[in-house]
Amino acid sequence: MTALRNHLCTMARYHAWATRKLLDEHVAQLPEADYRRDCGLFFKSVHGTLNHLLVGDALLWFPRLAEGVSPKIKLDMEAEPDRPRLRQRLLDAVAAWEPFVAHLSEERLAGELHYTTTQGVPTSLPYAATLAHALNHGTHHRGQITAALTMMGHPSPEIDLVWMLQAERRQQEQQQA
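The number of helices and strands found in the protein chain is seven helices and two strands. Element order for the protein chain, N to C, with α for helix and β for strand: α-α-α-α-α-β-β-α-α. Expected size for 177 residues packed as a compact globule is a radius of gyration near 16 Å; at 17 Å, the protein chain falls within 12% of this value. Projected onto its principal axes, the C-alpha coordinates of the protein chain cover approximately 55 × 50 × 25 Å. Looking at the protein chain residue by residue over its 177 residues, the buried ones come to 44%. Partitioning the intrachain contacts of the protein chain with sequence separation of at least 6 by distance along the chain shows that 71% fall at a separation of at least 24. As displayed, the protein chain has an accessible area near 9,300 Å², and 55% of this comes from carbon and sulfur atoms. A distance of 2 Å separates the average location of the 18 positive side-chain charges in the protein chain from that of its 20 negative side-chain charges.

Before going further, it helps to examine the pattern of salt bridges. Under the counting rule described, the total for this entry stands at 12 salt bridges. Arg-87 is paired through a salt bridge with Asp-24; the nearest N and O atoms lie 2.8 Å apart. With a gap of 63 residues between them, Arg-87 in helix 4 (residues 83-102) and Asp-24 in helix 1 (residues 3-25) connect regions that are remote in the sequence. Looking at Arg-87, the relative accessible area reads 29%, which means it is partly exposed. Notably, a salt bridge pairs Arg-89 with Glu-80, separated by 3.2 Å at the nearest N-O pair. Looking at Arg-89, the relative accessible area reads 30%, which means it is partly exposed.

Now for helix 1. The first and last C-alpha atoms of helix 1 sit 32 Å apart over 23 residues, in line with the 33 Å expected at 1.5 Å per residue. Those residues of helix 1 that fall on the buried side of the exposure criterion are Arg-5, Leu-8, Cys-9, Thr-10, Met-11, Ala-12, Tyr-14, His-15, Ala-18, Thr-19, Leu-22 and Leu-23. Taken together, the buried residues of helix 1 touch helix 3 (46-67), helix 4, helix 5 (106-110), helix 6 (127-151) and helix 7 (161-176).

Summed over the entire model, instances satisfying the criterion amount to six aromatic pairs. Taking the centre distance of 5.0 Å and the plane angle of 80° together, the rings of Phe-62 and Trp-97 count as edge-to-face. Placement of Phe-62 in helix 3 and of Trp-97 in helix 4 is noted, with a sequence separation of 35 residues between them. Taken as a pair, Phe-62 and Trp-97 share a single burial class, namely buried. Here the aromatic residues Phe-62, Trp-97 and Phe-100 are joined through ring pairs into a cluster of three or more. Over the face of the ring belonging to Trp-61 we find Arg-64, whose NZ or CZ atom lies 4.5 Å from the ring centre.

Of the two faces of strand 1 (residues 112-116), only one is covered, namely that formed by Leu-113 and Tyr-115; the face formed by Glu-112, His-114 and Thr-116 stays uncovered. Pairing between strand 1 and strand 2 (residues 122-126): five bridges, direction antiparallel. The residue of strand 2 that forms the bridge with Tyr-115 is Thr-123. If you look at the hairpin formed by strand 1 and strand 2, you'll find five residues sitting between the two strands, and Gly-120 has a positive phi there, around 90°.

This part is about the environment of Leu-23. Note that Leu-23 resides in helix 1. When its relative accessible area of 4% is taken as the criterion, Leu-23 is described as buried. Considered as a pair, Leu-23 and Gln-144 are 121 residues apart in the sequence and their alpha carbons are 14 Å apart. Each residue touching Leu-23, except ones within four places of it in the same chain, is listed here: Ala-28, Leu-50, Arg-87, Leu-90 and Leu-91.

Even without being a glycine, Lys-44 presents a positive backbone phi close to 70°. On the secondary structure map, Lys-44 appears in the loop between helix 2 (32-36) and helix 3.

How each quantity is defined
Residues numbered from 1 in each chain as written. Predicted model: local features only at pLDDT ≥ 70, side-chain atom pairs only at ≥ 80, totals over all residues. Heavy atoms only, no water. Helix = DSSP H or I, 4+ residues; strand = E, 2+ residues; numbered from the N terminus. Rg over C-alpha atoms; globule rule 2.2 N^0.38 Å. Buried < 20%, exposed > 50% of the residue type's maximum accessible area, 1.4 Å probe, protein only. Contact = heavy atoms within 4.5 Å. Areas by Shrake-Rupley, 256 points an atom, 1.4 Å probe, with all protein chains shown as cover. Lys, Arg positive; Asp, Glu negative; His and termini not counted. Charge placed at Lys NZ, Arg CZ, Asp CG, Glu CD. Salt bridge = Lys/Arg side-chain N within 4 Å of Asp/Glu carboxyl O. Expected span 1.5 Å × (residues − 1). Phe/Tyr/Trp six-rings, centres within 6.5 Å; stacked < 30°, edge-to-face > 60°. Lys NZ or Arg CZ within 6 Å of the ring centre and 35° of its normal. Pairing = 2+ DSSP bridges.

Structure below.
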C-alpha cells in the first residue's frame, strides 16, 4: 500500500472512529431539546449539523468519488429527521469509506475528479486531494458540535486523531501480550 493510500485509509478509519465516538458517547446523552436547539452553528443545531454530515458523506461526496455521479442536492437539507435512523445512516456512511479507499488504484488517486457542483458548475479537481477533503469534512463539523456541546454544559469529546492512534496502539499491544 502506498504512503498516500495508507494515509487516506487512516483518515477514513479516523472519520468512522470519531463519528462513532461523538454519536455514541456524547450525542446519545443529549436531551432532545439540546439536540435540536439552535446553537448558532452554520446548520443551526446538532441535529442540523449531523444531517449535513449525512448529506456530505452519503449523498454528495461518496457518490461523486465512488460512482462518478453529481447529485443536485441542498447542503442544508434534512435527509433524515429521525434521530436513531440518522445515527445509523451516519455510521453506515462513514463505514463505507475505508474499504472504498483501500481498493483505489494508484492511477485513480493520481487522476482528476470530474463532477458538477450543487450549483450546476462543471468542475475538475485532483482526485486524492478532493478525497482528503471529503474525509476531513467531518472533522470541521464534529468540531462545531463539540463547541455546541461544551457551550450547553455537556462534556467535550476527545476525538483528536492521536486519541484514535493511541487506542489502536494499546489494542495492538494487548493482542501481542
